[in-house]
Amino acid sequence: MESLERFSQNQRVIEEFTSRVLSDISTNFGRLLHVSMQRNVSDGRYLHPLLEEIYAEPAVHEGLLYCHEELFAKVLETSLEQQEWDLRLYLAGFDAPPEEIVGRWLEIDYFRALVPFGTPSYLRDLFFSNLRMVLGLIVARSATLQTAA
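Everything numeric here is computed off the predicted structure, so don't read it as measured data. (Residues numbered from 1 in each chain as written. Predicted model: local features only at pLDDT ≥ 70, side-chain atom pairs only at ≥ 80, totals over all residues. Heavy atoms only, no water.)

Bringing the environment of Tyr66 into the picture now. On the secondary structure map, Tyr66 appears in helix H4 (residues 57-77). In this structure Tyr66 comes out as partly exposed when scored by relative accessible area, which is 41%. (Helix = DSSP H or I, 4+ residues; strand = E, 2+ residues; numbered from the N terminus. Buried < 20%, exposed > 50% of the residue type's maximum accessible area, 1.4 Å probe, protein only.)

This next bit is on the side chain of His61. In this structure, His61 sits in helix H4. Excluding its chain neighbours within four sequence positions, the residues that come into contact with His61 are Gly44, Arg45 and Tyr46. (Contact = heavy atoms within 4.5 Å.)

The residue Asp109 is not glycine, and still its phi comes out positive at about 50°. Under the relative-accessibility criterion, Asp109 is labelled partly exposed at 25%.

Note on placement: Ser36 falls in helix H2 (residues 28-36). Apart from the residues within four sequence positions on either side, Ser36 is in contact with His68, Ala113 and Leu114.

Bringing the nonpolar core into the picture now. As a rule of thumb, nonpolar side chains are buried together in soluble globular proteins. By size, the foremost hydrophobic cluster in this structure holds 36 residues, and its most contacted members are Phe17, Leu87, Leu91, Trp105, Phe127 and Leu131. At the level of elements, helix H1 (2-20), H2, H4, helix H5 (80-91), helix H6 (98-108) and helix H7 (121-148) are the ones that each hand at least two residues to this core. For this core, the element with the highest residue contribution is H4, accounting for eight residues. Each residue touching Phe17, except ones within four places of it in the same chain, is listed here: Leu22, His34, Val35, Gln38, His48, Leu51, Leu64 and Cys67. (Core = buried A, V, L, I, M, F, W, Y, C linked by side-chain atoms within 4.5 Å.)

Geometrically, a packed helix pair is captured by the angle between its two axes and the distance between the axes. Relative orientation of the contacting elements H5 and H6 amounts to 110°, with a least axis distance of 10 Å. Here H5 is positioned roughly perpendicular relative to H6, judged by the angle of their axes. Of the residues in H6, those in contact with Leu87, Tyr90 and Leu91 of H5 are Pro98, Ile101, Val102 and Trp105. The residue inventory of the contact of H5 with H6, partitioned by class, reads seven nonpolar, no polar and no charged. (Axes fitted to C-alpha atoms, helices over the stretch in contact; angles between N-to-C directions. Parallel < 35°, antiparallel > 145°, perpendicular 65-115°, else oblique. Nonpolar A, V, L, I, M, F, W, Y, C, P; charged D, E, K, R; others polar.)

Turning our attention to the packing of H2 against H4. Between H2 and H4, whose axes approach to 9 Å, the crossing angle comes to 150°. With respect to each other, H2 and H4 are oriented roughly antiparallel. As for the relative orientation of H2 and H4, their crossing is left-handed in sense. In this structure, H2 uses Asn28, Phe29, Arg31, Leu32, Val35 and Ser36 to contact H4, whose residues at the interface are Leu64, Cys67, His68, Leu71, Phe72, Lys74 and Val75. Looking at the contact of H2 with H4 residue by residue, the classes come out as eight nonpolar, three polar and two charged. (Left-handed = near helix turned anticlockwise from the far one by under 90°.)

In this section: the pattern of salt bridges. A full pass over the atoms with the stated rule returns six salt bridges. The partner of Arg104 in a salt bridge is Glu100, with the nearest N and O atoms 3.3 Å apart. Remark: Glu100 and Arg104 occur in helix H6; sequence separation between them is four residues, near one turn of the helix. On the basis of relative accessible area, Glu100 is assigned to the partly exposed category, the value being 39%. Taken together, the shared-partner salt bridges in this structure form one network comprising Asp109, Arg112 and Arg132. (Salt bridge = Lys/Arg side-chain N within 4 Å of Asp/Glu carboxyl O.)

Any link to function would need more than the numbers given here.
Given below as structure tokens:
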């Protein structure tokens, strides 16, 4: 019976997080970034103070881990063209030019933090390869536009 209640609580955490938090974020990369920032990289636990006021910490962790894994898979399932468009849309929300943000991400491999812990290496490598290509396209297209102007 305990596992059924645990499942039910995890489901409520997922529903609450997706309806109240993720639904306000318009891009897949934005959602992936947001949920990945809820993870403490030292111990791998997902924390969310507002959710933890309502739900037990283990349920919050499990629910957010599930969301992270699903969002990661959703990004991987989209074409490179769609990933580029989605990332450009996400980056447009910042004050800094996209190529500056992308340059920083490439310099420090920031995108490595977007992968859920425990992801098989072949999926991690595919994600890194795809994202490096998408980031490179953003920088290259920006440079092309600047030289044409």
